[in-house]
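Topology and contacts: notes
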Amino acid sequence: MITVTGQCVAAFIFGSTVGLLVQRSRWCNTSALRDAMLFKNYRNTKALLVAMMILTLGFTGFISVGNGNPMRFDVGINQFIGLFLFGIGMVLAGACTVSSWVKTGEGNIGALWALLFLIIGLFVSSLLWSFTYWPPAPATMTGQPNLAALQFGFADALTLQQKTGIPAIVFGLIQFAALFGLYRLILRKERALQTARGQVQPEAAKSSPQVDAAMPEPAIGAVMAGAAGASGSYQEEA
Amino acid sequence: MDLFKKTLDPIIALAIIALLDVFLFVIVGAWTVGGGETMLAGLVAKYVLGAKTLARIPFWTLVFTPTWAYWKIYISLGMGFGAFVAAVLSKEFYWRVPRHLSEWVMITIGGLLMGIGIRLSFVCNVSTFFGLTPEMNLGGYLAVSGIVAGAWVGSFIYKKVLEA
């Protein structure tokens, strides 16, 4: 087992590398979802899917050989409700948990402001928990379902492996195939969009940087600036 | 170095991050940010309110007892540090301040909603996409459905605000 200091050092090294790579690639989880929905731009969505494919194989592979540290995590309806609120919040703030840290590192005061209010929101809602105790952690965080509290206990690749006796990697391969299918679908859609743009407006398609996968940010900024009638330096960076 | 001159392909960046995340999964656990942020909120509250006052709030005694010896905090701090180094080396570091009041309002509301969401679900977007879902956790699937629905509603509001 690794010591607590070792864990913290490993986490810091991992975090620093992630910060560097995310800063250099301008990847953002928020735009992976928002740009796909608003602008039909899939640059960040594709990267997210590739990472999830690698992770699915890696995690389920290590779980199959009895290795790794899967989160022992009670599943509940609260995950859906909480992330629904989070999803609205991240689009409004123009930053998710990763990009708010990365943009703060770049000197973005707006991102620091989002982080500050994220922490305030966390603290204020922790007071609310004192009165309602829902989700009822840790009283029901036992791994057992508690349907009255809308908690379903543990349910992941490890529990599947334990209950069925089938190695987790088998389920992992199924999920990999599903993610790969989604990736292919996006590629096909991108190609269709490109031809459509090429046929209707060959000039616009050539000059529009939005179809240029390498640098889509200015295009998004321009679209937003055009829609808003003013350019926001913060949102352009999203 | 070329890395600090050109924008890196996000697929390459995320593939490297995924491989490192698998390594982290083997030694401590998958990449997550919400847990570290929750702990940071507790540490800030402990500093501002004092340990005695904080001990009266059940959440900070039953679920998260504020401590600096929690690895997830250092992922968050590391991301800020790594981005700062990368931004300085590629000469992209400069102070950016939102110019319009509407931006400040949206960031404030968005930040609050993210905090409330993390607290309620015990999950953030990172553990959703880079932890729970690849572990095939049912909570991950619920969280992905939630975040996609939320992002859709958020995009709708965002568009309305931009058009107004």
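Look a little higher up for the structure.
For the structure given in this document, a descriptive report is provided here. Keep in mind that this is a model prediction, so the values were computed, not measured. Per chain, residues are indexed from 1 in the order of the written sequence. Ligands are numbered from 1 and chains lettered from A, in the order in which they are written. With pLDDT at 70 or above as the cut-off, local features in this predicted model cover only qualifying residues; side-chain atom pairs require 80 or more to be listed or tallied, and sums for whole chains, interfaces and linings still use all residues. Neither water nor hydrogens contribute to the side-chain values; these are computed over all heavy atoms in the structure.

**Quick look at the overall build of chain B**
Along its length, chain B carries 8 helices and 0 strands. Across its three principal axes, chain B shows a C-alpha extent of roughly 50 × 45 × 35 Å. Burial classification: accessible surface area is computed with a 1.4 Å probe over protein chains only, and a residue below 20% of its type maximum counts as buried, one above 50% as exposed, and the rest as partly exposed. Out of the 164 residues belonging to chain B, those deemed buried represent 58%. Here, Shrake-Rupley sampling with a 1.4 Å probe gives the accessible areas, and only protein chains in the shown set may cover a residue. Accessible surface, chain B as shown: approximately 6,900 Å² in total, 72% of it carbon and sulfur. Counted as positive: Lys and Arg. Counted as negative: Asp and Glu. His and the chain ends are not counted at all. Taken as the charge location is NZ of Lys, CZ of Arg, CG of Asp or CD of Glu. Between the averaged position of the 12 positive side-chain charges in chain B and that of its 8 negative side-chain charges there is a distance of 11 Å. Runs of H or I in DSSP of at least four residues are treated as helices and runs of E of at least two as strands, each being numbered from the N terminus.

**Concerning the interface of chain B and chain A**
The interface of chain B with chain A comprises 122 residues on the first partner and 119 residues on the second. Carbon and sulfur atoms supply 77% of the area that chain B and chain A bury against each other, a total of about 11,100 Å² over both sides. Defined here as a combined quantity, buried area equals the accessible surface (1.4 Å probe) lost by two parts on assembly, summed across both. It is Arg96, Met114 and Tyr158 of chain B in chain B that bury the most area against chain A; as a group they hold 7% of the surface buried on that side. Notably, a salt bridge pairs Glu92 of chain B with Arg26 of chain A, separated by 2.9 Å at the nearest N-O pair. Polar contacts, as used here, are pairs of N or O atoms within 3.5 Å; protein pairs need one atom able to donate a hydrogen and one able to accept it. Residues neighboring in sequence count only if both atoms are side-chain atoms. Across the chain B-chain A interface, the total number found is 29 residue pairs in polar contact (both at pLDDT 80 or more). Elements with a minimum of two residues in the side of chain B that touches chain A: helix H1 (10–27), helix H2 (34–49), helix H4 (59–62), helix H5 (71–89), helix H6 (101–121), helix H7 (125–132) and helix H8 (138–163) of chain B. It is H8 of chain B that provides the largest number of residues to the side of chain B that touches chain A, a total of 21 residues. Here, residues are in contact when the closest pair of their heavy atoms is within 4.5 Å. Whenever Lys or Arg places a side-chain nitrogen within 4 Å of a carboxyl oxygen from Asp or Glu, that contact is recorded as a salt bridge.

**Considerations on unusual backbone geometry**
Residues and elements named next belong to chain A. Across the junction of Trp134 and Pro135, the peptide omega takes the value 0°, indicating a cis bond. Relative to the helices and strands, Pro135 resides in the loop between helix H6 (109–132) and strand E2 (151–153). Positioned with a positive phi, Arg26 is a non-glycine residue whose angle comes to about 55°. By secondary structure assignment, the location of Arg26 is in the loop between helix H1 (4–25) and helix H2 (29–38). Arg26 sits in the buried class, given a relative accessible area of 17%.

**Quick notes on a nonpolar patch on the surface**
Residues and elements named next belong to chain A. A cluster of nonpolar side chains, Trp113, Leu116, Ile120 and Val124, forms an exposed patch at the surface whose accessible area comes to about 320 Å². In this structure, Leu116 sits in helix H6. According to the relative accessible area criterion, Leu116 is partly exposed, its value standing at 45%. Only residues whose relative accessible area exceeds 30% and that form no salt bridge are eligible for patches; like-charged ones are grouped when within 9 Å, while nonpolar side chains (Val, Leu, Ile, Met, Phe, Trp, Tyr) are grouped when within 5 Å.

**Overview of the nonpolar core**
Among buried residues, those of type Ala, Val, Leu, Ile, Met, Phe, Trp, Tyr and Cys that are joined through side-chain atoms within 4.5 Å constitute a nonpolar core. By size, the foremost hydrophobic cluster in this structure holds 96 residues, and its most contacted members are Phe86, Met90 and Val98 of chain A together with Leu14, Trp31, Trp60 and Phe130 of chain B. Sorting elements by how many residues they give to this core places helix H3 (residues 43–64) of chain A first, with 10 residues. Not counting the four nearest positions on each side in its chain, Val98 of chain A is found in contact with Val22 of chain A together with Trp31, Met79 and Val126 of chain B.

**A short note on H8 of chain B**
Residues and elements named next belong to chain B. Expected helix span is computed as 1.5 Å times (number of residues minus one). With 26 residues, H8 should reach 38 Å at 1.5 Å per residue; the first-to-last C-alpha distance of 38 Å fits that figure. Every buried residue of H8 is listed here: Gly139, Gly140, Leu142, Ala143, Gly146, Ile147, Gly150, Ala151, Gly154, Ser155, Tyr158 and Leu162. For H8, the capping residue at the N-terminal end is Asn137, with a side-chain oxygen 2.8 Å from the backbone nitrogen of Gly139.

**Some details on H3 of chain A**
For an α-helix, the turn length of 3.6 residues means that residues three or four places apart are oriented alike. Residues and elements named next belong to chain A. For H3, with 22 residues, the first-to-last C-alpha span of 32 Å sits near the 32 Å given by 1.5 Å per residue. In terms of burial, H3 is largely enclosed, as 17 of its 22 residues are buried. Gly66 occupies a position one or two residues after H3 and carries a positive phi of about 70°.

**Here's the deal with the environment of Lys103 of chain A**
Here Lys103 of chain A lies in helix H5 (residues 97–105). Sequence separation between Lys103 of chain A and Gly19 of chain A is 84 residues, and the spatial gap between their C-alpha atoms is 9.4 Å.

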